[in-house]
Every structure is written in structure tokens, then in C-alpha cells.
Amino acid sequence: MTDTAKDSKASNAMWGGRFAAGPDAIMEAINASISFDQRLYAQDIRGSRAHAAMLAAQGIISNKDAETIREGLLTVLSEIEGGNFPFSAALEDIHMNVEARLKEIIGEPAGRLHTARSRNDQVATDFRLWVRDQCDAAIKGLDALIRALLGQAEAGADWVMPGFTHLQTAQPVTWGHHMMAYVEMFARDLSRFSDARKRMNESPLGAAALAGTGFPIDRHATAEALGFDRPMANSLDAVSDRDFALEFLSSASICAVHLSRLAEELVIWSSAQFRFVAMSDKWSTGSSIMPQKRNPDAAELIRAKIGRILGATVALFTVMKGLPLAYSKDMQEDKEQVFDAADHLLLALAAMEGMIRDLTVNRDKLEAAASSGFSTATDLADWLVREAGLPFRDAHHVTGTLVAMAEAKGCDLPDLSLAEMQSVNSAITEDIFGVLGVHNSVASRQSYGGTAPDQVRAQIARWKEHLA
């Protein structure tokens, strides 16, 4: 028998007696998913083992057949993990590849494994298990990144740097405060993955094709065996839902945005124009023509990952938006998008954690930049309100005039004389110079969530306790 005939026979056996001929080669190519869904092998075998054990416990198949199936599935698992499994496109997907190989190993009992289930609830279960694993991996990666950021924040809780708006010097902040901003952002990402995991932790197994089954199955038993909280309550929803994948991708997209923003700052800060930080050689590359260059390629690549992750999110939303209940073959297009997004998100998280841990901060450069650009102008205006009793709008005008005066002289605000300041407003006293230093400025920001070193250290302690 030729390979084509064998493949045709395999396809006919898979579909039963309804089809007399095998698929056209092009149909086979567009229909097969084994090239990518083979990644679900561990989840597929785990689900099949739970299903077989439940069938035996319910008296639907014999204990002997269940044990034979269990041992056969373990053999299949060993073959796949050992790289010795013959995947076949003619068998379409991971489910039929595993089942066909199981039949070759154990014979007739393999045919009983598919009792009371369909590929519809099987793939929904496998995919949900896989995405749940990716949520766990993302949570772990985010935890590591948050701890790296906490380490940087603790080291520089009182290091002064410029805070920016519009990428223009605004007010002095501390390095620790800036790092803690990303702790808050990534902590929200962690909570989103945690929330998504809770919602997706229901089992579709036992919903069968779409309507449930007439066999006396125990869906609670298989749900518990697979670590789910409960079985899904509606069989139509169970096989047609991909909200779990959309939630994962949505969370991944927001997280990738945060990674991209931090990566952008690392690119800027490591430039010759800033020199706020130095990237480790482990996370930089050189130039093929310019020997002086140290390129922040890892940060730039992380910055670019949002494109493919957001693209995957939009792609899956587009696939799902017009589908009637229950299962449609369109849903075969769900996996490649999620696989790709998950791979690149986890890689970006690991790379960012490494970069943050290895980052060298130039404290002197930070402080010099913080002391320039009239960064304490707001402190001057606040002093005029508190000490001189000016309405804030008047204080704002006085401060703006003083900034223009300093700019014309080519100096910063603390370099103006008291007489020069009093020429603009006579209520200004010598005490004004106590608020114009950048260290005084950050120390005064004692409001909850402010940049004062005491506030930063309090937030670091809170997060350390939370993570512990």
C-alpha cells in the first residue's frame, strides 16, 4: 500500500463510514493542525488519563482496559518526550495522533478511550490546561521581575533624579520612586493573570460535542483530577468558549505595553546623551562598524514584542467575533496566536528581569540632571503659597518670572541672589534657598505615594511583605 493510500485509509478510519475517499492534499494541508498543536501533547495525555480513570470508576469501561490505556498513554508520552513519535498530518491533530499510536501499542482497548467525549471538549480541555500553565509561568516571571525592581528601588531609595513630563525635566524624584512605579504596574499585570486563571479554572471535559452525553460520567471527578475548581455548567459554552485565551492575550498585551515602556526608558537612559545607566554586557551588543558602540538590543527587542503580542490578541478577537455556537473549525486558528504570544511574553519577562538585576546606575549623573532644568520651580511656587500667602496662580506667575530671569542669566534658580528674587516679589526671604535644593525637594514630598525616601522605603517594605 502506498503512503497516500495509507494516509487515506487513516483519514477514513478517523472519520468513520461517512466518507468514501480521503481528503485532497490541499484540504489536508489547510485542515491539519498537528504542526503546531503537538505542543498540547502533555495536556492531551493528562486529560485522556483522567477521562479513562473516570470511565472505569463509573463502570463504563473495565478496570483492565483503563489500566491498559493508562500504561499505553505513558508509553506515548515517553515517545514524544524522547523525540521518537511519528507525527502524521493525515491524522490532523494531536488528539488523533495520540489515539492512533495508542491503538498501535495496546490494540482494541484504545477504541474505548473516546467513549463519552468528543474532540470538541477534548481540545477545549487541552488548550485551557495549556493556557492555565502559561498564566502560572507569567505570574512566576512577573514575581521575579518585581523582586528585581524592588532591589533597585531599595538601593536607590534616596538617589535623586529628574522626573519627566513630555520627556522634559519636571520635578526631582528618587530612583527608588521611579522603580516602584514599575512595581505597581507589573503587580497589576500579575493580578490580571491571577484573576484570569481563576476564571478559566473550570473543566470543559465531558461536554462532548456540544450537548453532553448519555453515559453516566462524573464530570466533577475529571475536573478534580485535572486541578480544575469545577466542571463548566453549560455544554455549549464549554466547547465554544475561548474567553480564557482572550483574557490571557489581553493581560499579555497590557503587560507587554509595560515592558515596552520600561525598555524605552532603558534605551534612553543608557544613551550617551543621558548616561543614567549602563547595561551589562550580557544584555548589550556591539556594532559591526563602530567599535565604540554598546547597543541596548535586548531592551529594543523587548520594546518590539508588543507588536506581535497585540497582533495575536487582535487576531483571535477577529476569529471569535462572528462565530455561532458551538464549535466551528475557525477555532483551530486560536492556538498559534496564543502559543506565539506566550512564548514571547515569557522571554521578554525573563530578559527584563535579567537586565534590571544587572543594571548599573550612575548616581552622579542622575543628581546632576535632577539639579538642572529648573526642576525645583514648583517647590518655589509652593513656598510662596505657604510662607508668603500668595494665591497659587500668583505664585506660579512669580516663579515663571524668576525662571525667565535665571534662563536669561544662564544659571539655575538657586544661583539667583536674594536681591534678584526680591526684585520680582518682596515677600521672598532667605528661607527660599532651603527648598530649592533637589534633596530638600524630594524629602518634602511626604504625601502617601510621594517620592520622599521615607515614603519609598515604606512602599518597598509593603511589597516585600506582600510577596513573602
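Criteria and cut-off values
Residues numbered from 1 in each chain as written. Predicted model: local features only at pLDDT ≥ 70, side-chain atom pairs only at ≥ 80, totals over all residues. Heavy atoms only, no water. Axes fitted to C-alpha atoms, helices over the stretch in contact; angles between N-to-C directions. Helix = DSSP H or I, 4+ residues; strand = E, 2+ residues; numbered from the N terminus. Parallel < 35°, antiparallel > 145°, perpendicular 65-115°, else oblique. Left-handed = near helix turned anticlockwise from the far one by under 90°. Contact = heavy atoms within 4.5 Å. Nonpolar A, V, L, I, M, F, W, Y, C, P; charged D, E, K, R; others polar. Buried < 20%, exposed > 50% of the residue type's maximum accessible area, 1.4 Å probe, protein only. Pairing = 2+ DSSP bridges. Patch = residues over 30% accessible without salt bridge, like charges linked within 9 Å, V, L, I, M, F, W, Y side chains within 5 Å. Areas by Shrake-Rupley, 256 points an atom, 1.4 Å probe, with all protein chains shown as cover. Salt bridge = Lys/Arg side-chain N within 4 Å of Asp/Glu carboxyl O. pLDDT = per-residue confidence, 0-100. Phe/Tyr/Trp six-rings, centres within 6.5 Å; stacked < 30°, edge-to-face > 60°. Lys NZ or Arg CZ within 6 Å of the ring centre and 35° of its normal. Lys, Arg positive; Asp, Glu negative; His and termini not counted. Arc of directions from axis to C-beta.

With that settled, consider the packing of helix 7 (residues 119–155) against helix 11 (residues 243–269). The interhelical angle for the contact between helix 7 and helix 11, taken along N-to-C directions, is 25°, at an axis separation of 10 Å. With respect to their mutual orientation, helix 7 and helix 11 come out roughly parallel. Considering the relative orientation of helix 7 and helix 11, their crossing is left-handed. When helix 7 is examined against helix 11, the residues Ala124, Phe127, Arg128, Val131, Gln134, Cys135, Leu142, Leu145 and Leu149 are found in contact with a partner set consisting of Phe244, Ala245, Phe248, Cys255, Leu259 and Leu262. Taken together, the residues of the contact of helix 7 with helix 11 break down into 13 nonpolar, one polar and one charged.

Relative to the assigned elements, Thr399 resides in helix 16 (residues 392–409). Here Thr399 falls in the buried class, since its relative accessible area comes to 5%. Distance in space between the C-alpha atoms of Thr399 and Leu413 is 9.5 Å, their sequence separation being 14 residues. In this structure Thr399 touches Ala377, Leu380, Ala381 and Leu384, once residues within four positions along its chain are discounted.

Side chains on a regular strand alternate between the two faces of the sheet. Relative to strand 2 (residues 168–174), strand 1 (residues 160–165) is paired through six bridges, and the arrangement is antiparallel. When the bridges of strand 2 are listed, Pro162 appears paired with Pro172. Remark: two residues form the turn of the hairpin made by strand 1 and strand 2, two consecutive strands paired antiparallel; His166 in that turn has positive phi of roughly 60°.

Here the focus is a nonpolar patch on the surface. A surface patch of nonpolar side chains, about 270 Å² in accessible area, is lined by Leu210, Leu236 and Leu325. Note on placement: Leu325 falls in the loop between helix 12 (297–320) and helix 13 (335–358).

It is worth spelling out the confidence of the model for the protein at this point. Across the protein, pLDDT averages 91, with 93% of residues at or above 70. Predicted confidence is poor over residues 1–11, with pLDDT under 50, and the contacts of this stretch with residues over four places away or in other chains come to nine contacts.

Let's shift gears to the packing of aromatic side chains. Using the criterion set out here, one finds nine aromatic pairs in the structure. Judged by centre distance (4.7 Å) and plane angle (65°), the rings of Trp130 and Phe339 are edge-to-face. Linking Trp130 in helix 7 with Phe339 in helix 13, this pair joins segments that are 209 residues apart in sequence. Here Trp130 matches Phe339 in class, with each residue buried. Ring centres of Phe193 and Phe248 lie 5.6 Å apart, and the angle between their planes is 55°; this geometry places the pair in the tilted category. Highlighted residues: Phe193 in helix 8 (residues 175–200) and Phe248 in helix 11, separated in sequence by 55 residues. On the basis of relative accessibility, which here comes to 1%, the residue Phe248 falls in the buried class. Put simply, the rings of Phe127, Trp130, Phe244 and Phe339 touch in pairs and so form one group of aromatic residues. The ring centre of Phe339 lies 4.8 Å from the NZ or CZ of Arg39, which sits over that ring. The ring of Phe127 carries the charged tip of Lys335 above its face, separated from the ring centre by 5.5 Å.

Our focus in this paragraph is the side chain of Asp44. Position of Asp44 relative to the elements: it lies in helix 4 (residues 41–57). Salt bridges are absent for the buried Asp44, whose nearest opposite-charge side chain, Arg117, sits at 5.8 Å. In this structure Asp44 touches Ile94, His95, Val98, Gln122 and Asp126, once residues within four positions along its chain are discounted.

Right, let's get into the packing of helix 4 against helix 6 (residues 94–106). It is the contact of helix 4 with helix 6, at a shortest axis distance of 10 Å, that shows an interaxial angle of 60°. Comparing the axis directions of helix 4 and helix 6 gives the class oblique. Between helix 4 and helix 6 lies a crossing whose hand is right-handed. Residues Tyr41, Asp44 and Ile45 of helix 4 touch helix 6, and the partners they reach there are Ile94, His95 and Val98. Split into classes, the residues belonging to the contact of helix 4 with helix 6 amount to four nonpolar, one polar and one charged.

Among the residues of helix 14 (residues 363–370), those classed as buried are Leu366, Ala369 and Ala370. Buried residues along helix 14 cover an arc of 100° about the axis, so they all sit on one side. Every exposed residue of helix 14 that faces more than 90 degrees away from the buried side is listed here: Asp364 and Ala368. Those residues of helix 14 that are buried lie in contact with strand 1, helix 8, strand 6 (360–361) and helix 18 (438–444).

Bringing the pattern of salt bridges into the picture now. Following the criterion strictly, the structure yields 27 salt bridges and no others. Arg101 is paired through a salt bridge with Glu104; the nearest N and O atoms lie 2.9 Å apart. Taken together, the residues Arg101 and Glu104, both in helix 6 and three residues apart, mark about one turn of the helix. For Asp189, the salt bridge is made with Arg192, and the minimal N-O distance between the two is 3.1 Å. Taken together, the positions of Asp189 and Arg192, both in helix 8 and three residues apart, correspond to about one turn of that helix. The class for Arg192 is partly exposed, based on a relative accessible area of 25%. Salt bridges linked by common partners bring Glu92, Asp93, Arg119 and Lys329 together as one network.

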